[in-house]
Amino acid sequence: MFHHRELPLEERMELSYERLRHLNKHLLDGPHSPAAIAQDPSLLTALHEWAGPVDPGLSTILSIHYNLFLGTLTNAEDVHRHDLDPYLNLDRIGVFLCTELLHGNSVKELETRATYDRAAREYVLHTPRPGARKFMPNTSEVGGPKAALVAARLIIERDGRAQDEGVHLFLVPLHDPVSGETLEGITIERLPQTGSAAVDHCLTSFDNVRLPYEAMLQPSGGQRTADEITPHGLTPDGVYTNTFGGALKRFLDALARVTPGKLCMEAYHVGTMRHALTVAIRYAHIRHTFNGVRPGSVPLWHHRSHNASLLGALATGIGATLLHRHAVQTWEQAATEEERDIAERLAAITKSWITWRGREVMLECRERCGAQGLFLANGIVAQLQAGEGAITAEGDNAVISDIAGMELVMGHFERKELRPGPRDLETPESVQDLLGALARIWCDRASERLRPRHNTPRPGGLLNRTMLPARKLATTYADYLAAEGILTAAQQATDPEARRLLYLVHRLFALHRIDAQSGALQAKGYLEEDQVDMLHNLIEDVLDELAPHVLLLVNAQSVSETLLLSHPIMNTDPERRAQPALALTGPGFEGQAR
Ligand SMILES: Cc1cc2nc3c(=O)[nH]c(=O)nc-3n(C[C@H](O)[C@H](O)[C@H](O)COP(=O)(O)OP(=O)(O)OC[C@H]3O[C@@H](n4cnc5c(N)ncnc54)[C@H](O)[C@@H]3O)c2cc1C
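Each chain carries its own residue numbering, running from 1 in the written order of its sequence. With pLDDT at 70 or above as the cut-off, local features in this predicted model cover only qualifying residues; side-chain atom pairs require 80 or more to be listed or tallied, and sums for whole chains, interfaces and linings still use all residues. Side-chain figures throughout are based on the complete set of non-hydrogen atoms in the structure, without hydrogens or water.

Q: Hey, could you go over the domain arrangement of the protein chain for me, with residue numbers and the actual values?
A: Looking at the protein chain, the domain boundaries give domain 1 (3-86), domain 2 (93-223 + 245-254) and domain 3 (258-450 + 463-555). Note that domain bounds follow an automatic or database assignment of domains. Between the C-alpha centres of domain 1 and domain 3 the distance comes to 29 Å. Contact between two residues is taken to exist if any of their heavy atoms lie within 4.5 Å; hydrogens are not considered. Facing the 17 residues of domain 1 at the interface are 24 residues of domain 3. As a working definition, buried area equals the accessible area (1.4 Å probe) given up by two parts on being put together, with both sides summed. With both sides pooled, the region where domain 1 packs onto domain 3 buries about 1,500 Å², and carbon together with sulfur makes up 63% of that total. One speaks of a salt bridge when a side-chain nitrogen belonging to Lys or Arg is within 4 Å of a carboxyl oxygen belonging to Asp or Glu. Where domain 1 meets domain 3, there are two salt bridges. Identification of polar contacts relies on pairs of N or O atoms within 3.5 Å, with a donor-acceptor requirement for protein atoms, meaning one able to donate a hydrogen and the other able to accept it, and with residues adjacent in sequence counted only if both atoms are side-chain atoms. Inspection of the region where domain 1 meets domain 3 yields five residue pairs in polar contact (both at pLDDT 80 or more).

Right, dumping it as structure tokens:
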């Protein structure tokens, strides 16, 4: 079952598609159909949490099929015009083509066009130049016949002139369903191999490909309710009615699934973080090393440098999981346009925070496992590399966190009134309050840079002047929310030991961040000099209390034991850790070579 990690690239990709079919069959037989999964953010993201540690390639292609493709199609206002069966049964795998070679983060400038031929009642889909080839989507024949949603500019002839009506989505079959060959007029070129998840990334172009009138999806308005829907779109005789909004609004509507996509990317990181933390922390208890100058050996966990970095990473991982839950719930519950704006901004903030923190946590876990951390069979290193894809896809982290940070500065950050004067560092509420103060400090710093200053050159304009503190605001705000999630979990825990440990996790998470920015807190009078001086001791005290109980916290993450046992590094017999095949021969692994 887990043998794939060391297979050649092509076989690994094939296997991921095979697993997608296997998963889809279970969905068809189970209580949640593929269409229901696509429309249920909790289920959809949970799928990523659990698939990520098993097979990052599977996590990528299922994200594209269920979220970007099926999610968009089933949300379209004219969904009834399309036969969904081939996509629900996976007779055709869905892909989503938006990014172009020359237009990545600047994708709203995309050039692919679909010109409406009124007489034939068809669109003519065309890639005007090589730079407009669709970049990255998994369009090759690997995995079976595919269909794409292609983002293209709708061009209509009006009064003898070509009118650009903005970006719309078109449903385009890519391969012959029987032979599997690429259809006429479509060119698919495989891109060079990435070091990220094993996926068949391609360049895709269209040479005057004819599509029927029904191919264009009518905008859905994102998650609009039925009474908000107004007539919009193109009639068969070529009359285009736009009651929906400007070009940017229509473009964003076409990409509406990018917000759940962000939640899916962070879910991948949440799942792989929990897995890596479990592996690294358990390994630290079974791997022995020398004991300073004393005779004999001790588990790695004995050493403060080792357990401190992993406990810090564990606190971040727990914070990430709870922050992710908060973001998913906020998105699910958003009913009005204002609430959806808030949920979208939150998803941008949490996606970038969780995936960036995920990279740090995974790197820490990899290193704490020594050379064992480098073996593909032990999972972590491949998940770490695949996590890079999630940092760039569904909204590049840097770009989305800068924009969200700017929006916070421009009035969307709730500035809670803070009591002036120093805080004590003892109670959970006061350390939480200090995290709130940090977000407030960065908001004030960004706002200050927004104000015009006389005689000061402003290279790049106001936006560039404000971007760095704005991103800091987004990050510190996410720190605050993640810590709040841990604090709430502690307050709600009914088991006294669980409550005690969660309070300690919250304390560790918060003190690390307060320590890192203690200068700013002191400058604003929230901390005194002697408090800054004692922070490192307070952190060590928490580490002392948490370290003996870490396995309880790690086991509570409920990572699949079957998956963990597939890693040679988890073998309690040290001599078998270098023989990956042996790890697959234990109880429960018979006949599971793949
Ligand atoms: C694993 C993976 C799967 C993908 N799958 C799909 C898919 O299914 N369909 C699809 O359409 N696309 C897909 N993509 C493409 C993805 O959407 C783009 O990679 C992404 O939009 C970034 O574009 P780019 O790679 O061209 O980077 P660029 O836009 O060239 O960015 C390069 C660098 O510049 C920075 N940058 C760019 N613009 C700005 C700015 N305005 N402000 C500050 N910094 C900036 C970025 O942060 C980055 O560091 C996928 C990508 C990956 C990695």
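Q: Tell me about the state of the cysteines, and please be specific about residues and values.
A: Only a pair of cysteine sulfur atoms within 2.5 Å qualifies as a disulfide here. Taken as a whole and judged by the stated rule, the model has zero disulfides. In this model Cys98 remains outside any disulfide bridge; the closest cysteine sulfur is found in Cys264, 17 Å from its own. Residue burial is assigned from relative accessible area. The probe radius is 1.4 Å, only protein chains are included, and a residue is buried under 20% of its type maximum, exposed over 50%, and partly exposed in between. Of the residues examined, Cys98 reaches a relative accessible area of 8% and is grouped as buried. Cysteine Cys202 is unpaired, with the sulfur of Cys98 as its nearest cysteine sulfur at 17 Å.

Q: Can you explain the nonpolar core? Please cite residues and give values.
A: Across soluble globular proteins, nonpolar side chains show a tendency to be buried alongside one another. Each nonpolar core is a collection of buried residues, namely Ala, Val, Leu, Ile, Met, Phe, Trp, Tyr and Cys, held together in the definition by side-chain atoms within 4.5 Å. The biggest cluster of nonpolar side chains holds 94 residues, and the ones touching the most others in it are Ile514, Leu521 and Leu546. Residues contacting Leu521, with those up to four places away along its chain left out, are Leu434, Ala437, Leu438, Ile441, Ile514, Tyr526 and Leu527. In terms of nonpolar packing, the next biggest core, distinct from the first, is built from 72 residues, Leu58, Val150, Leu154 and Val258 among them.

Q: For the packing of aromatic side chains, give the residues involved together with the corresponding values.
A: Only Phe, Tyr and Trp rings take part, Trp by its six-membered ring, and two of them pair if their centres are within 6.5 Å. Stacked means planes under 30 degrees apart, edge-to-face means over 60, and tilted covers everything else. Summed over the entire model, instances satisfying the criterion amount to six aromatic pairs. With a centroid separation of 5.0 Å and an interplanar angle of 70°, the aromatic rings of Phe69 and Tyr87 are classed as edge-to-face. Remark: Tyr87 occurs in helix α5 (residues 85-88) and Phe69 occurs in helix α4 (residues 56-75); sequence separation between them is 18 residues. Across the pair, Tyr87 and Phe69 agree in class, each one buried. Taking the centre distance of 5.7 Å and the plane angle of 90° together, the rings of Phe413 and Tyr477 count as edge-to-face. On the criterion of sequence distance, the pair formed by Phe413 in the loop between α11 (397-412) and α12 (428-450) and Tyr477 in helix α13 (residues 461-492) is long-range, its members being 64 residues apart. Classification of Tyr477 by relative accessible area gives partly exposed; the value is 22%. Taken together, the aromatic side chains of Tyr116, Tyr123, Phe170 and Tyr213 make up a single cluster linked through ring pairs. Whether a charge sits over a ring depends on NZ of Lys or CZ of Arg being within 6 Å of the ring centre and within 35 degrees of the ring normal. Its end group placed over the ring of Trp442, Arg445 keeps NZ or CZ at 4.5 Å from the ring centre. Above the plane of the ring of Phe509 lies Arg513, whose end atom (NZ or CZ) is 3.7 Å from the centre. Per the convention used, a helix needs a DSSP run of H or I reaching at least four residues, while a strand needs a run of E reaching at least two, with both numbered from the N terminus.

Q: Requested: an account of the site of the ligand, with residues and values cited.
A: If you check the shell around the ligand, you find 17 residues, and the closest are Phe96, Cys98, Thr99, Asn105 and Asp396. Taking Asp396, its side chain carries an N or O atom lying 2.8 Å from an oxygen atom of the ligand. Accessible surface area values rest on a Shrake-Rupley calculation with a 1.4 Å probe, where residue burial reflects the displayed protein chains alone. Notes on the ligand: free accessible area 980 Å², of which the protein chains cover 61%. Broken down by secondary-structure element, the contributors of at least two residues to the shell around the ligand are β1 (93-97), α10 (380-392) and α11. Gly is placed with the polar residues, together with every amino acid not listed as nonpolar (Ala, Val, Leu, Ile, Met, Phe, Trp, Tyr, Cys and Pro) or charged (Asp, Glu, Lys and Arg). Across the shell around the ligand, the residue classes break down as ten nonpolar, six polar and one charged. When residues are assigned to domains, the shell around the ligand turns out to be shared by domain 2 (93-223 + 245-254) and domain 3 (258-450 + 463-555), each giving three or more. Note on terminology: near, applied to a residue and a molecule or strand, indicates that one of the residue's heavy atoms is within 4 Å of it.

Q: Account for a negative patch on the surface, with residues named and values stated.
A: Exposure above 30% relative accessible area and the absence of a salt bridge qualify a residue for a patch, where like charges join within 9 Å and nonpolar side chains (Val, Leu, Ile, Met, Phe, Trp, Tyr) within 5 Å. Counting rule for charge: Lys and Arg are taken as positive, Asp and Glu as negative, and neither His nor the chain ends is counted. By convention, charge coordinates are those of NZ in Lys, CZ in Arg, CG in Asp, or CD in Glu. A cluster of like negative charges, contributed by Glu337, Glu338, Glu339, Asp341 and Glu344, occupies part of the molecular surface. Topologically, Glu339 is positioned in helix α9 (residues 337-368).

Q: Break down empty space enclosed by the protein for me, citing the residues and quoting the values.
A: One way to see where empty space is left: roll a probe the size of a water molecule over the atoms. A 1.4 Å probe that fits but cannot get out identifies a cavity on a 1 Å grid over protein atoms alone, an open set with protein on both sides within 12 Å along at least five of seven lines counts as a pocket, and a residue lines either if it has an atom within 4 Å of a point. Grid points are joined across faces, edges and corners, and a volume is the space filled by probe spheres set on the points. Scanning all chains against the criterion turns up two cavities of 30 Å³ or more. Volume-wise, the second largest cavity comes out at about 30 Å³. Lining the second largest cavity are Leu9, Gln193, Thr194, Ala197, Ala198 and Val199. Looking at the lining of the second largest cavity residue by residue, the classes come out as four nonpolar, two polar and no charged.

Q: I'd like to hear about helix α6 (residues 247-254), residue by residue, with values.
A: Of all the residues in α6, the buried ones are Arg250, Phe251, Asp253 and Ala254. For α6, the arc enclosing every buried residue in end-on projection is 160°, short of the 170-degree limit, so these residues lie on one face. Taken together, the buried residues of α6 touch α4, β1, β6 (161-173) and β11 (240-241). This arc corresponds to the set of directions leading from the helix axis out to the C-beta atoms.

Q: Run through the pattern of salt bridges, naming residues and quoting values.
A: For the coordinates displayed, the defined rule picks out 30 salt bridges. For the salt bridge of Glu545 with Arg500, the shortest nitrogen-to-oxygen distance reads 3.5 Å. With Glu545 in helix α16 (residues 529-546) and Arg500 in helix α14 (residues 496-516), this residue pair connects regions lying 45 residues apart in the sequence. What makes Glu545 partly exposed here is its relative accessible area of 40%.

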